[in-house]
Amino acid sequence: GFNILLTTYDKLYINDFSLPTGDLREPKSGAKRADVIVVTKCPNTLSSDEKNNIITLLKPHRKQQVFFSTINYSDTIYSIEDSKPIEALKKEQFTLVTGIANAAPLLNFLNGQGFVFEHLNFKDHHEFTAAEIEKFNSKSIILTTEKDFTRLRSGVNSSILYYLPIEAEILEKEKFNKLVSQFVTSY
C-alpha cells in the first residue's frame, strides 16, 4: 500500500536499464507506483541546489515526495570476539575486503579519514574460494562490510576479521517518518 523507490545518488534509476543490461529489476515505468522516492548514498555535503537538480531530473509526479539519505559509518569496528575504535587502524596496516555492488562510498570514507590500506575488491555476491580465504588469513587485519563479514566469518580467523557497521540516515527524517506513520495509522 505504501511504495518506496530507492535509487542511488551516483546511479539514478532514470539513467539505468532493466536486467540483464542494467541493474533495474523492472521497467522504469514502475516508478510511477512510488509514493516516495529516496535517493540513497548521498554525500554528506549535498547542497540544496544539488537536491533540486536531482528532483528536476527525476521528474516526480505531484503525489510523489523525494527524500535524500546518507551513510553514517560507525566509529567502532567489530569482530566476533572484540571491538575497537576505528581510529586504531591508523596505527596498523589493514586489508579492506569488499564483495558488494558499490564499494566507492566506503572507499571515500576511509580515504577521507586518512587510512592507508590495501583493497581487495570482488563482485557483488562473490563466492570466496579456499585460496582467497587462505590469502585473507595471511593478513594482519581484515576489515569488511557487515554483509561480507557474515560470509567470511566461517573461514577467516576470527582474531583478524572485523566489520564496520553503517547506518542510513534519511534527511528530513521527521517528515519521512510522519508520512509512514500516517499510512500505518490509516491502514
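What comes next is a walk through the structure.

What counts and what doesn't
- Residues numbered from 1 in each chain as written.
- Predicted model: local features only at pLDDT ≥ 70, side-chain atom pairs only at ≥ 80, totals over all residues.
- Heavy atoms only, no water.
- Salt bridge = Lys/Arg side-chain N within 4 Å of Asp/Glu carboxyl O.
- Helix = DSSP H or I, 4+ residues; strand = E, 2+ residues; numbered from the N terminus.
- Buried < 20%, exposed > 50% of the residue type's maximum accessible area, 1.4 Å probe, protein only.
- Core = buried A, V, L, I, M, F, W, Y, C linked by side-chain atoms within 4.5 Å.
- Contact = heavy atoms within 4.5 Å.

The subject of this paragraph is the pattern of salt bridges. Enumeration according to the criterion identifies 9 salt bridges in this entry. One salt bridge in this structure joins lysine 11 and aspartate 23, with 2.9 Å as the shortest N-O distance. One end of the pair, lysine 11, is in the loop between strand S1 (4–8) and strand S2 (36–42); the other, aspartate 23, is in the loop between S1 and S2, and 12 residues separate them in sequence. Overall, the relative accessible area of 47% leaves aspartate 23 in the partly exposed class. For glutamate 118, the salt bridge is made with lysine 139, and the minimal N-O distance between the two is 3.0 Å. Residue glutamate 118 is found in strand S7 (residues 117–121), and its partner lysine 139 is found in the loop between helix H3 (130–137) and strand S8 (142–144); the two are separated by 21 residues along the sequence. Residue glutamate 118 is classed as partly exposed on the basis of its relative accessible area of 28%. Linked by salt bridges that have partners in common, Lys11, Asp16 and Asp23 make up one network.

Here we take up the nonpolar core. As a rule of thumb, soluble globular proteins bury nonpolar side chains together. Within the largest apolar cluster, 16 residues are counted, with the highest numbers of intra-cluster contacts made by Ile86, Leu89, Leu110, Leu143 and Leu164. Broken down by secondary-structure element, the contributors of at least two residues to this core are strand S3 (65–73), strand S6 (94–98) and helix H2 (104–112). The element best represented in this core is H2, accounting for 3 residues. If we ignore the near neighbours within four places in the chain, the residues touching leucine 110 are Ile86, Leu96, Phe115, Phe117 and Leu143.

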